[in-house]
Amino acid sequence: MINIDIHQALESDAPILQFLQQEPSSQLAVEKYKNFRVEQTKLLEQRFDSQANIYEIISLNTCLVDALLKNIWNTFDIPNDTAALVAIGGYGRRELFPESDIDIMIVLKDENDEFSKSKIESFLTFLWDINLHIAQSVRTINDCIIESKNDITVITSLMEHYYLAGDKNLYKQVIEIVSNNKIWSSKKYFKEKRLELENRHQRFGDTANHLEPNVKENPGGLRDIHTLRWLTNRHFKTESFEQLAKIEFLSNSELTLLQEAYKVLAKIRFALHLFVKRGDDRLLFDYQYDVASLLGYKNENRNHRVEEFMQVFYRTSNQLSILSEIIIERLNSVIFPGLFKRRAKPINKNFQVRANLLEATNIEIFKKSPTAILECFQLLQEHKNLIGFSDQLQKLIIENLHVIDDKFRQDKTNCDIFISIINQKDTNYREIKRMARLGVLGKYWPSFDAVTGRMQFDLFHIYTVEEHTLRVFENACQFSKNTSEGEYATYHDIFIQTPKALLLYLAALFHDIAKGRDGDHSELGEEEAKSFCLQHGLTPFDANIVAWLVRNHLVMSITAQQQDIDDPYIIKKFANIVGNLTRLNYLYLLTIADMRGTNPKLWNSWRSALLSELYQRASEHLRQDVESATNREELVTQVKSSALQLLQKTNLDQDSCLAFWQELGDDYFIRHSDEEVVRHTEAILNHRDKSSVVVNIHQYSARGATEIFVYCNDRNYLFAHITSTLAKLRLSIVHARVITSNKGHALDTFLVLDANEQAIDNEKQCELVKKELTQALEHPEEIIPSINQGLPRQIRELRVPIEINFDVSTVNNYTTMEIKAPDFPGLLASLGNAFVDCSIAIHNARVSTLGERVHNLFHISNLEYKPLDKEHQEKLRAVILEYLQQPKQVALEV
């Protein structure tokens, strides 16, 4: 940090300057100091813009806090020979952002000095009273020694320090403690701090490429810069990166990169604090547009403005992350020189091995042999004992990326090496990720560079495009591992049935490569994938499979989650698109890899089971003559016949079952399996004489969710009553089927997950749900008003569209309403409330979830069972939009 003349810097800011020039007063006016803090914030807001020198404005803020603390310290008349006020931590390195914690330590000469302790206690209380974000500690010199030995965070905070007020001799003793290598040797400190860094990176998924990153703590964030300072400070006793360049530990180019990375990240954090007005270092969706605007981004398109800003952040943090890794590895070789003094073992004329790290034999290798820049990754795959590249080799790679040009990309040898790296089992993901981190992948494959740092403005993804791509590729590579555990065993069984794993790997890399371009990214990606495959020696047949997979990579997830896979026509349509079992196997694995790499929170047993069921049904369809199996009448007959066989194991009379089935239309048997028909029939015939409402809960649905079946007389607002009750029980509805029998009975099936996105896992909870739902439906007048929570923060900020369409034609004299909307807890209860407000009767419904979106189809009418006219449709549309946009409480009608 730089030091400034605060009086010169404030010559035009009279109120603050006047305050600082006042002599300390015995009259402590809390409001006076609070006003100073307000003026301080106003000053920072005025001084900060996209052109501001971030070093100067941070230093200005720090100096203002210095002056404030010294003024207050002197006002309290704490004896100068009994205590010292010391800035430590972030404040000690003179790096105060608008909402940073102000780390101070008060060093007490005598722990039994009650007079001074009383004064200090009053001093600290006053700091909190005037709203200073103080992180304080009061220690004797002996305390400093003991706590520094026992806690690495204490010694780290004390390493960055400067004197503010009080006894200078006490401050000098603190300096001696910090400098004492016996307390923390550089070797011990390096090991502990490096482990701390690795653990922090793991907490953030080992990537900065989250769509809502933490500018301070993420890998490649400001904390990585701090860690480099601490590690080098401990060993070299340096106080800045500039000093490291002077002793030639850093190159001039590395120093420049560190300085530029700090400027970018510090400006972002400063703007973030000014906007949020609290110490929040997360770049949430809510903040990104306003922070981008504060930093001078001016694109009129909201998403483009955010994307331009965030792409700078991602590229900066990724560069810093790589550089940090190189510098730490270099420091490791300095602190632990033993391994690195061993004689290097040559591998070939370009590379050698030392301390299990691959080194270059000379710094000119990539100029003399550009192909070596790919060869080194291949060598890591071939030599299992190697753990990575030396810092020297990583630096050489980054400095020589320019050798990868069009001529390089078209060279057959380079093409063969690249394909070989992708196709190498067990190590392909590790090396492709390493290529991406060092910039080789983006240079060799410019389309990958184009999506690096690209935002994804949807509710599915939590990573940038390139990070998502790498995670999908990792998942695809995992299928090659033979395991007997869990669902991966099934995936491996299918994986070994695919003729060439390479085709799956390439499809994983290319599936989203055209994101951000004008046009359908699946179609554009298809063209690019085919061209790339042909250039890299794949046969036209194999290239066409990869291209087909890229073009259709979303088809299976959409079909499974958005359409009714109980409908044989849906299965037939999907199977016709796929065409054969080979493509089905590839597509299933690619879909699994894609969904698992999108957002870990979205992958659950429900989605896994849906895809598995679609895969099984499509497999059967492709293995047989499907025309006879999908005939509507034949299918109904098959379901009934199979259900009758299963019913023989029960005590139910067959004639009673057949008589009951007469009131059920064909649609019921088409949309339910034989086991579901038996379960429902048994529940209804055994209980409908005892209760007007039958609720049956199947604890472990085949689809990874809990099935709740409701049978009762159909009535107005039944859907609202059910969904509202389930919402109050904190159950999320992931699928629903609403059917009305010929005799006016409702047969409604809901698949639900609990608050942990799991099926209900115990009998007591099932009984509670059954009791609550039965009570509510038998006594609808007692249902407590439902409160709509409104759209969650992320959905509001991403401006996810809500689509509501009404079919002008009618089905069975009903209006068909299709709604696509972002999913959130209580969504269906909100829709039910809207139906109540608009006097809507529901006769049939299909509800399905696609990622964080729902696709619902309702056959509805007015309460006179007539289709909705245009006016009624528009009223319903408006009420639904109102419910989904803002919280509202509604009392349900009976």
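Just so we're clear, the structure is a prediction, and the values are computed from it rather than from any experiment. (Residues numbered from 1 in each chain as written. Predicted model: local features only at pLDDT ≥ 70, side-chain atom pairs only at ≥ 80, totals over all residues. Heavy atoms only, no water.)

Draft legend 1. Spotlight on empty space enclosed by the protein. Throughout the structure, instances matching the rule amount to five cavities of 30 Å³ or more. In this structure, the largest cavity occupies an estimated 110 Å³ of space. Taken together, 17 residues line the largest cavity, and the ones lying closest to its centre are R715, Y717, L718, F719 and I842. Looking at the lining of the largest cavity, the elements that each hand over two or more residues are helix 39 (718-728), strand 11 (732-740), strand 12 (745-753), helix 42 (827-837) and strand 16 (840-850). Taken together, the residues of the lining of the largest cavity sort by class into 11 nonpolar, three polar and three charged. (1 Å grid on protein atoms, 1.4 Å probe; cavity = no way out; pocket = protein on both sides within 12 Å on 5 of 7 lines; lining within 4 Å. Points joined across faces, edges and corners; volume = space filled by probe spheres on them. Helix = DSSP H or I, 4+ residues; strand = E, 2+ residues; numbered from the N terminus. Nonpolar A, V, L, I, M, F, W, Y, C, P; charged D, E, K, R; others polar.)

Draft legend 2. Representation of the environment of I152. Position of I152 among the secondary structure elements: in helix 8 (residues 152-159). Remark: the alpha-carbon pair of I152 and K193, spanning 41 residues in sequence, is separated by 8.0 Å. The contact partners of I152, leaving out residues within four places of it in the chain, are W184, Y189, E192, K193 and E196. (Contact = heavy atoms within 4.5 Å.)

Draft legend 3. Seen up close, the sheet that holds strand 4 (residues 161-166). The strand order 3-2-1-4 describes an open sheet built from four strands, whose pairing is mixed. Taken across any chain shown, the strands that pair with only one partner, and hence form the sheet edges, are strand 3 (134-140) and strand 4. Direction aside, neighbouring strands of the sheet carry axes that sit 25° apart on average. The strands touched by helix 6 (residues 114-129) are strand 1 (83-88), strand 2 (102-108) and strand 3; relative to strand 2, the strand with the most contacts, the crossing angle is about 170°. (Pairing = 2+ DSSP bridges. Axes fitted to C-alpha atoms, helices over the stretch in contact; angles between N-to-C directions.)

Draft legend 4. Main features of the confidence of the model for the chain. Taken over all residues, the pLDDT of the chain has a mean of 87, while the share at 70 or more is 89%. Under a pLDDT of 50 for its full length, residues 625-630 has, in the predicted model, nine contacts with residues more than four places off or in other chains. (pLDDT = per-residue confidence, 0-100.)

Draft legend 5. Representation of the pairing of strand 3 within the structure. The pairing of strand 2 with strand 3 spans seven bridges and is classified as parallel. Bridge pairing in strand 3 links L108 to T140. Viewed along the sheet, the connection from strand 2 through helix 6 into strand 3 turns out right-handed. (Right-handed = clockwise from strand over helix to strand, strands pointing away.)

Draft legend 6. Representation of the packing of helix 8 against helix 10 (residues 186-203). Relative to each other, helix 8 and helix 10 sit at 100°, their axes nearing to 11 Å. Considering the angle they form, helix 8 stands roughly perpendicular to helix 10. For the pair helix 8 and helix 10, contact is made by I152, T153, I155, T156 and M159 and by Y189, E192, K193 and E196, respectively. For the contact of helix 8 with helix 10, the residue count by class is four nonpolar, two polar and three charged. (Parallel < 35°, antiparallel > 145°, perpendicular 65-115°, else oblique.)

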